[in-house]
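Each chain, letter by letter, is given below.
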Amino acid sequence: MAVGFAIAEKRMRDEFGETVCNHRTWVFAGDGCLMEGVGQEAVSLAGHLKLGHLNLLYDMNGITIDGSTELAFTEDTAAKFRALGWHVVEACGHTHQDIDEALESAKAETERPSIVMFNTVIGKGAPTKAGTSSIHGSRLGVEEARAAKAGLGLPDVPFEVSPGLLNAWREFGKRGASDHQAWKTRLTQLPKGKLNEFYRRVERLPPEGLSHKVKEAKQNWLEGQPQVATRKASQMCLEILTDQMPELIGGSADLAGSNLTTTTAAMPAYSAEKSGRYLNYGVREFAMGTVMNGLSLHGGLIPYGGTFLVFSDYMRNAIRLSALMKTKVLYVMTHDSIGLGEDGPTHQPVEHLASLRAIPGLDVFRPADAIETMEAYEAALKGNGPALLALSRQGLPAVRNKASEENLTAKGGYVLRGCEGSRDATLIATGSEVSIALQVADILSDKSVKVAVVSLPCWARFDKQSRDYRESVLGPVPRYAIEAASPFGWARYTGCEQQVFGVEDFGASASCEELYEFFGFAPETIARKVLDRLQKRKSERAA
């Protein structure tokens, strides 16, 4: 996330000037942080982008929970960081003069990120536990704490800050206040237009004219009925949004041509020489997620990043932290089902939608066409946390053919097509299966079965609607769900998983059309099964 902060600082500096944005990002890390894969991804990207205002303070105490780092971590960290393009400083972490000199050396470097490797002793001062794993995550204990305080010249009381230390700390605070006031003075000296834009960006207010452009696009698509994959619809949306919102900063984990995350306004890409609005993250999905959290937390920018939905597993902790921290991050996840075709079961997500929907505070959108995709982006940008868009690889028919002043996708679910009189059944679907549900409804209608079709692009948002609204949309039972993914979770809407047409195994390698036929998503197959169940239900009730 600190790499995200540093990327954001460089971008904001280039946009608003170094008198307003010219700060350093300091991040503390331990031995474990440099063992984890996401740490390696992050430091590699930082070195590549030459983030000269990023400073990593490495507490190199050689201890982890299981014992000495000699058990599993013996690489030459200094040599590795130099090879990655970092400025490396080594110092004693217990000597004030060494610490000061090391920090000054890091601050003097502006062309490369800096790592300060502080050699330390964990628990220094504890007579029997210093330098051991027993102090890593455990209490000192009464006797060890008493002996440590005696050795350090501290009073034998539970907790005390002497007046001298307290006053010194408060003086540091006053220094920060004066620095902040000087910054505010410099900020007001910006030209009025740039100053207003800065305030708008950090306060996350929408730009003027955005709603008009969104409405205009939806009207054009309503009239044109584009038959496109929702990943292409996403790019159509992003072309408009990135043009209207300079705070949007995009990227992809080496899949830009597949995710379709590049736009005219976002180019040229971010580089070591000059910041931009598009990041080539390389094959670093996990770091992409964490960097985007940092970009959002910094302020002034709203990140979006793309990869395949199946790879959400690898970056799940970053997505979870987005939800936990309520960061404004947009995850653009394409190739969202067996519909991606020949790449096969390794790339075809099955259980992923269910697992992502289980994350509290994450809006998972699976739009069915271009209009729903734009509404999903609109809802996500107005929301107070992260959102994930699951988008199709395959082309889809347009399903929305009626204008609406209301953002129906923002409600999470709505009746896409009703029926005259009371319903015999309700078909509920998301994404690429909404058009299939409409075909099933046509077949059943020809057999005098009254069916309503519900599009349910975002469960989390639908569940927040009033009970009356939800019941009016879902209608009475029986209800049948259609989604080319795990049926897990659908019973909350259908009443039981037996009324869900889903995928209960890993996918297979074949064309999209063959796979949908094989896994039972042909409209005729679903219609026949629904009709059989309705007739069985009718017979049972008559008996």
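Residues numbered from 1 in each chain as written. Predicted model: local features only at pLDDT ≥ 70, side-chain atom pairs only at ≥ 80, totals over all residues. Heavy atoms only, no water.

Undergrad: Which residues make up the pattern of salt bridges, and what values do they have?
TA: According to the stated counting rule, one finds 26 salt bridges in the structure shown. A salt bridge links Arg-357 to Glu-483; the nearest nitrogen and oxygen atoms lie 2.8 Å apart. Residue Arg-357 is located in helix 14 (residues 352-357), and its partner Glu-483 is located in the loop between strand 16 (479-482) and helix 19 (491-494); the two are separated by 126 residues in the primary sequence. In this pair, the class of Arg-357 matches that of Glu-483, namely buried. Two residues, Arg-467 and Glu-471, come together in a salt bridge whose shortest N-O distance is 3.0 Å. One end of the pair, Arg-467, and the other, Glu-471, are both in helix 18 (residues 467-474), four residues apart, so they sit about a helical turn from each other. Relative accessible area serves as the criterion here: at 60%, Arg-467 is assigned to the exposed category. We classify Glu-471 as partly exposed; its relative accessible area is 41%. Taken together, the shared-partner salt bridges connect Arg-11, Glu-15, Glu-197, Arg-200, Arg-201 and Glu-247 into one network. (Salt bridge = Lys/Arg side-chain N within 4 Å of Asp/Glu carboxyl O. Helix = DSSP H or I, 4+ residues; strand = E, 2+ residues; numbered from the N terminus. Buried < 20%, exposed > 50% of the residue type's maximum accessible area, 1.4 Å probe, protein only.)

Undergrad: So what's going on with the side chain of Asn-259? Which residues, and what values?
TA: Relative to the helices and strands, Asn-259 resides in helix 11 (residues 256-259). Here the side chain of Asn-259 touches Thr-307 through a polar contact of 3.2 Å, landing on its backbone nitrogen. Setting aside anything within four residues of it in sequence, one finds Asn-259 in contact with Arg-231, Ser-252, Gly-306, Thr-307, Phe-308 and Thr-334. (Polar contact = N/O pair within 3.5 Å; in protein donor to acceptor, adjacent residues only side chain to side chain. Contact = heavy atoms within 4.5 Å.)

Undergrad: Residues and numbers for helix 16 (residues 434-446), please.
TA: For helix 16, which comprises 13 residues, the first-to-last C-alpha distance of 19 Å matches the rise-based estimate of 18 Å (1.5 Å per residue) to within 8%. Among the residues of helix 16, those classed as buried are Val-434, Ser-435, Ile-436, Ala-437, Leu-438, Val-440, Ala-441 and Leu-444. The inward-facing, buried residues of helix 16 contact strand 13 (414-417), strand 14 (425-429), strand 15 (451-455), strand 16, helix 20 (512-518) and helix 21 (523-542). One or two residues past the end of helix 16 sits Ser-448, with phi positive at roughly 65°. (Expected span 1.5 Å × (residues − 1).)

Undergrad: Describe the packing of helix 3 (residues 37-49) against helix 12 (residues 285-298), with residues and values.
TA: Here helix 3 crosses helix 12 at 70°, and the two axes come no closer than 8 Å. Put simply, helix 3 runs roughly perpendicular to helix 12. Residues Val-38, Glu-41, Ala-42 and Leu-45 of helix 3 form the contact with helix 12, whose own contacting residues are Glu-285, Phe-286, Ala-287, Thr-290 and Val-291. Across the contact of helix 3 with helix 12, the residue classes break down as six nonpolar, one polar and two charged. (Axes fitted to C-alpha atoms, helices over the stretch in contact; angles between N-to-C directions. Parallel < 35°, antiparallel > 145°, perpendicular 65-115°, else oblique. Nonpolar A, V, L, I, M, F, W, Y, C, P; charged D, E, K, R; others polar.)

Undergrad: Account for the pairing of strand 6 (residues 114-119), with residues named and values stated.
TA: Looking along a regular strand, one sees the side chains alternate between the two faces of the sheet. Most of strand 6 is tucked away: five of the six residues are buried. Relative to strand 6, strand 2 (residues 54-60) runs parallel, the two sharing six bridges. What sits directly across from Asp-59, in strand 6, is Phe-118. The pairing of strand 5 (residues 87-92) with strand 6 spans six bridges and is classified as parallel. (Pairing = 2+ DSSP bridges.)

Undergrad: Tell me about the sheet that holds strand 7 (residues 248-252), residues and numbers included.
TA: The strand order 8-7-9-10-12-11 describes an open sheet built from six strands, whose pairing is parallel. Two strands lie at the open edges of the sheet, namely strand 8 (278-280) and strand 11 (363-365), each paired on one side alone. Neighbour-to-neighbour, the strand axes of this sheet turn through a mean angle of 20°, independent of strand direction. Pairing between strand 9 (residues 302-308) and strand 10 (residues 330-334): five bridges, direction parallel. Looking at the pairing, Gly-305 lines up with Tyr-331 of strand 10.

Undergrad: Tell me what's going on with the environment of Val-454, and back it up with residues and numbers.
TA: By secondary structure assignment, the location of Val-454 is in strand 15. A C-alpha to C-alpha distance of 55 Å links Val-454 and Asp-59, two positions 395 residues apart in sequence. Beyond its immediate sequence surroundings of up to four residues, Val-454 is in contact with Tyr-414, Val-415, Leu-416, Thr-426, Leu-427, Ile-428, Ala-429 and Val-473.

Undergrad: Any chance you could break down the sheet that holds strand 6 for me, citing the residues and the numbers?
TA: Judged by pairing direction, the sheet is parallel, and its four strands sit side by side in the order 1-2-6-5 without closing on themselves. Each edge of the open sheet is held by one strand with a lone partner, namely strand 1 (25-30) and strand 5. For this sheet, the mean inter-axis angle between neighbouring strands, taken without regard to orientation, is 20°. When strand 1 meets strand 2, the two strands line up parallel, connected through six bridges. Bridge pairing in strand 2 links Ala-29 to Tyr-58. Along the sheet, helix 1 (residues 2-16) makes contact with strand 1 and strand 2, crossing strand 1 at roughly 165°. Sitting on the sheet, helix 5 (residues 96-108) touches strand 1, strand 2, strand 5 and strand 6, and the angle it makes with strand 5 is about 170°.

Undergrad: Residues and numbers for the packing of helix 12 against helix 13 (residues 316-325), please.
TA: Between helix 12 and helix 13, whose axes approach to 8 Å, the crossing angle comes to 20°. The orientation of helix 12 with respect to helix 13, classified from their angle, is roughly parallel. Crossing geometry of helix 12 relative to helix 13 is assigned as left-handed. Two secondary-structure elements touch here, helix 12 through Phe-286, Gly-289, Thr-290, Asn-293 and Leu-297 and helix 13 through Asn-317, Ala-318, Leu-321, Ser-322 and Met-325. (Left-handed = near helix turned anticlockwise from the far one by under 90°.)

Spatial relationships are all this shows, so hold off on functional conclusions.
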